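Below are the chains, spelled out letter by letter.
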Amino acid sequence: MTRVGETLRVVTLNLAHGRGTGSHQALLRRRRIHENLDGVAALLRRLRADVVGLQEADGPSWWSGGFDHVDYLARRAEYPHQLRGAHRRWAQLDCGTALLSHRPLEESLSVPLLSGALRPAKGFVAGALVVGRQVVDVVSVHVDFMLRQTRRKQLGRMATHLKQRGRPVILLGDLNCDWQREPTLRELATRLDLVPHRPEAADLATFPQGRPKRRIDWILVTRGLEYDEYEVVPHDLSDHRAIVAEISGF
């Protein structure tokens, strides 16, 4: 029997293709990438999230050791369910976004969101899971870092897909924009009726991880759900800091 008042603990993290804080993953030996991902797995075990959203999450790619980073993390951090979206597959590269979960993910969806010709494709994955008395869509998304217009188009396309699914949403991702300096994130929140946690707070920056100045990584939830906890987590495993949140109201 599902208990009333159930909560969901979630994490979002940009994996940086397994390079840790290195300048580029192609310059690292496979053993070092394994070590970096082992550190991520240890962090995930410590944070004890029910669901994890990952960005810059690689499948077998020549530039990051030639193995599936998401499957590796799922096994090392003991997540029985995984969903990886390969938003770009070309020239022996396979990269995208992913979800790891202790709960089954149903009705999975993976959608590429194209950027410019010389920039990596971005995209999102979504999976439905049961929490309390509700079925919610958990989403991991990564959008363009360079152009505001491209971000708006990408997030607009994602919003269309999620509205068609018709469920409450928990959005995890690297959105490459903050709340104040451009309207993109506010427009997305309005369209999907999403609520951020302390959107103008100066102490929740996530990038770069050493001395973060920008809040570009986010957890957003459908109005009516509540944040019981929201924390930016320092580490040396990526150029982005992780976020962990405890969500209630299901």
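To be clear, the structure that these remarks concern was listed above.
Next up on the list: the side chain of Thr206. Checked against the element boundaries, Thr206 lands in the loop between strand E9 (194-195) and strand E10 (217-222). The exposure class of Thr206 is buried, given its relative accessible area of 0%.

On to a nonpolar patch on the surface. The grouping of Phe145, Met146 and Leu147 at the surface amounts to a nonpolar patch, some 300 Å² of accessible area in total. As for its placement among the helices and strands, Met146 is situated in the loop between strand E7 (134-142) and helix H3 (148-165). Under the relative-accessibility criterion, Met146 is labelled partly exposed at 46%.

A separate point is unusual backbone geometry. Note that the residue after Phe207, namely Pro208, is joined by a cis bond; omega there is -15 degrees. By the secondary structure assignment, Pro208 is in the loop between E9 and E10.

As a volume, the largest pocket reaches approximately 350 Å³. His17, Glu56, Lys122, His142 and Phe145 are, among the 22 residues lining the largest pocket, the residues nearest its centre. Secondary-structure elements contributing two or more residues to the lining of the largest pocket are strand E4 (93-101) and strand E6 (122-131). Ranked by the residues each element gives to the lining of the largest pocket, the list is headed by E4, at three residues. Among the residues forming the lining of the largest pocket, the class breakdown is seven nonpolar, nine polar and six charged. A volume near 180 Å³ is recorded for the second largest pocket. Along its surface, the second largest pocket is lined by 15 residues, and Asp178, Gln180, Ala201, Lys213 and Arg215 are the ones closest to its centre. A class-by-class count of the residues in the lining of the second largest pocket yields eight nonpolar, one polar and six charged.

With that settled, the discussion passes to the pairing of E7. Taking burial as the measure, the nine residues of E7 include seven buried ones, the bulk of the element. Examined bridge by bridge, E6 and E7 share nine bridges and lie antiparallel to one another. Residue pairing for E7: Gly127 is matched across the bridge by Val138. The hairpin turn running from E6 into E7, its antiparallel successor, is two residues long, and Gly132 in that turn takes a positive phi close to 60 degrees. Relative to strand E8 (residues 169-174), E7 runs parallel, the two being bridged by six bridges.

About the criteria used
- Residues numbered from 1 in each chain as written.
- Predicted model: local features only at pLDDT ≥ 70, side-chain atom pairs only at ≥ 80, totals over all residues.
- Heavy atoms only, no water.
- Helix = DSSP H or I, 4+ residues; strand = E, 2+ residues; numbered from the N terminus.
- Buried < 20%, exposed > 50% of the residue type's maximum accessible area, 1.4 Å probe, protein only.
- Patch = residues over 30% accessible without salt bridge, like charges linked within 9 Å, V, L, I, M, F, W, Y side chains within 5 Å.
- Areas by Shrake-Rupley, 256 points an atom, 1.4 Å probe, with all protein chains shown as cover.
- Salt bridge = Lys/Arg side-chain N within 4 Å of Asp/Glu carboxyl O.
- 1 Å grid on protein atoms, 1.4 Å probe; cavity = no way out; pocket = protein on both sides within 12 Å on 5 of 7 lines; lining within 4 Å.
- Points joined across faces, edges and corners; volume = space filled by probe spheres on them.
- Nonpolar A, V, L, I, M, F, W, Y, C, P; charged D, E, K, R; others polar.
- Pairing = 2+ DSSP bridges.

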